[in-house]
Amino acid sequence: VSQSRYKGYTFNGANELVCLDLLGNIPTLNGKNITELTATNITSPENQHVYIDGNRTDTYIEDGSIYKPYKNISSAVASLTNSNGYVLNIMPYQYTELSTVSVPSVPLAIYGNGATITLSNGINIPNENISIKDLNVVGSLNFTSTSTNGKIIISGGNITGNINLDGNFCNVNHVTLLGGVLTANSNSYVLVDGCYLQSTIASSGRLIIYKIGRAHV
């Protein structure tokens, strides 16, 4: 951070990172030159990437980097302490979690990349903003946020088990639901779009179902 001036940037009085002019000075206030990054954002970057790869069998100190990924879901979830949020990258593998997995309440994007997670006791997700893409799940997904601003997006993949939805807006799109019950409470606005179903949908809130088919397995 201290070297940013020599790379064409510095911090202004509002502690925002600003692009310097050709003479190396802070320019006249102009929105296009303000990056909206503060020193705190840089030292604790938003959307920090965490990697999980169950295929790794070698010995190393796991830190969630692409070179030293976590080998199981629980270890990765335990590392999520930055309130700015995370991107969780799960490499294809058959993961099994014997204990309940409890995700901390931070903004989270999960890229499953076709991986399968078997949850013996389900997973509790209190996050008010979360997206899950291309993840296959065997077990229960419990979304427990009651925030009126919450957004839950599940896209792609197969889910075998119950889905309990809380939150203001829930979008379940192009997911194959292979049994269990999708339940949404009275605070939820749920859009089920382009899904294949062998599951039951029960909603006491607002529900829109669009372009669904019956799953064949």
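Residues numbered from 1 in each chain as written. Predicted model: local features only at pLDDT ≥ 70, side-chain atom pairs only at ≥ 80, totals over all residues. Heavy atoms only, no water.

### Looking at the overall build of the protein chain
Logical step 1: When helices and strands are tallied, the protein chain shows two helices and 24 strands.
Logical step 2: In the protein chain, which comprises 217 residues, the share counted as buried stands at 41%. (Helix = DSSP H or I, 4+ residues; strand = E, 2+ residues; numbered from the N terminus. Buried < 20%, exposed > 50% of the residue type's maximum accessible area, 1.4 Å probe, protein only.)

### Details of the sheet that holds strand β22 (residues 200–203)
Logical step 1: Taken in spatial order, the six strands of this open sheet run β7-β10-β13-β16-β19-β22, and their pairing is parallel. Of all the strands in the sheet, the pair left with one neighbour each is β7 (101–102) and β22.
Logical step 2: Both strand β10 (residues 123–125) and strand β13 (residues 141–143) contribute to a ladder of three bridges, which runs parallel. Its bridge partner being in β13, Ile125 is matched across the sheet by Phe143. (Pairing = 2+ DSSP bridges.)

### What about the packing of aromatic side chains?
Logical step 1: Going through the model one piece at a time under the given rule, you end up with two aromatic pairs.
Logical step 2: With a centroid separation of 5.0 Å and 70 degrees between ring planes, the pair formed by Tyr93 and Tyr95 is classed as edge-to-face.
Logical step 3: Ring centres 5.9 Å apart and planes at 75 degrees place the aromatic pair Phe169 and Tyr189 in the edge-to-face group. Linking Phe169 in strand β17 (residues 169–173) with Tyr189 in strand β20 (residues 189–193), this pair joins segments that are 20 residues apart in sequence. (Phe/Tyr/Trp six-rings, centres within 6.5 Å; stacked < 30°, edge-to-face > 60°.)

### What about the environment of Ser186?
Logical step 1: Relative to the helices and strands, Ser186 is located in the loop between β19 (181–184) and β20.
Logical step 2: Sequence-distant contacts of Ser186, defined by excluding residues within four places in its chain, comprise Ser204 and Gly205. (Contact = heavy atoms within 4.5 Å.)

### Quick notes on the sheet that holds strand β14 (residues 151–155)
Logical step 1: Spatially, eight strands are ordered β4-β5-β8-β11-β14-β17-β20-β23 in an open sheet, and the strand pairing comes out parallel. The open sheet terminates on both sides in strands that have one partner only, identified here as β4 (48–52) and β23 (206–210). Across this sheet, the average inter-strand angle for adjacent strands is 10 degrees, counted without regard to direction.
Logical step 2: Where strand β11 (residues 129–133) and β14 come together, five bridges link them in parallel fashion. Bridging across to β14, Ser131 finds its partner in Ile153. (Axes fitted to C-alpha atoms, helices over the stretch in contact; angles between N-to-C directions.)

### Some remarks on a nonpolar patch on the surface
Logical step 1: Nonpolar side chains collect at one region of the surface, where Tyr189, Ile208 and Tyr210 lie side by side and expose about 270 Å² of accessible area between them.
Logical step 2: Position of Ile208 among the secondary structure elements: in strand β23.
Logical step 3: On the basis of relative accessible area, Ile208 is assigned to the partly exposed category, the value being 36%. (Patch = residues over 30% accessible without salt bridge, like charges linked within 9 Å, V, L, I, M, F, W, Y side chains within 5 Å. Areas by Shrake-Rupley, 256 points an atom, 1.4 Å probe, with all protein chains shown as cover. Salt bridge = Lys/Arg side-chain N within 4 Å of Asp/Glu carboxyl O.)

### So, the nonpolar core
Across soluble globular proteins, you tend to see nonpolar side chains buried next to one another.
Logical step 1: Core analysis: the largest hydrophobic core is formed by 42 residues, its most contacted members being Ile90, Phe143 and Leu165.
Logical step 2: Residue contacts for Leu165: discarding those within four places in its chain leaves Phe143, Ile152, Cys170, Val172, Leu182, Thr183, Ala184, Asn185, Ser188 and Val190. (Core = buried A, V, L, I, M, F, W, Y, C linked by side-chain atoms within 4.5 Å.)

### Focus on the pairing of β20
Logical step 1: With five bridges connecting them, β17 and β20 associate as parallel partners. In the sheet register, Val172 faces β20, and the bridge partner there is Val192.

### What about the side chain of Thr116?
Logical step 1: Looking at the secondary structure, you find Thr116 in strand β9 (residues 116–119).
Logical step 2: On the accessibility criterion, Thr116 (15% relative accessible area) is buried.
Logical step 3: Here Thr116 is in contact with Tyr93, Gln94, Tyr95, Asn136 and Val138, once residues within four sequence places are set aside.

### With respect to the pairing of β4
Logical step 1: Across five bridges, the pairing between β4 and strand β5 (residues 86–90) is parallel. Each residue of the ladder has a partner; that of Val50, found in β5, is Leu88.
Logical step 2: In terms of handedness, the path from β4 via helix α2 (residues 73–78) over to β5 forms a crossover that is right-handed. (Right-handed = clockwise from strand over helix to strand, strands pointing away.)

### Concerning the side chain of Asn171
Logical step 1: Looking at the secondary structure, you find Asn171 in strand β17.
Logical step 2: Ignoring any residue separated from it by four or fewer positions in sequence, one finds Asn171 in contact with Ile152, Ile153, Ile154 and Leu191.

### Observations regarding the pattern of salt bridges
Logical step 1: Going through the model one piece at a time under the given rule, you end up with two salt bridges.
Logical step 2: The residue Arg56 makes a salt bridge to Asp58 at a minimum N-O spacing of 2.9 Å.

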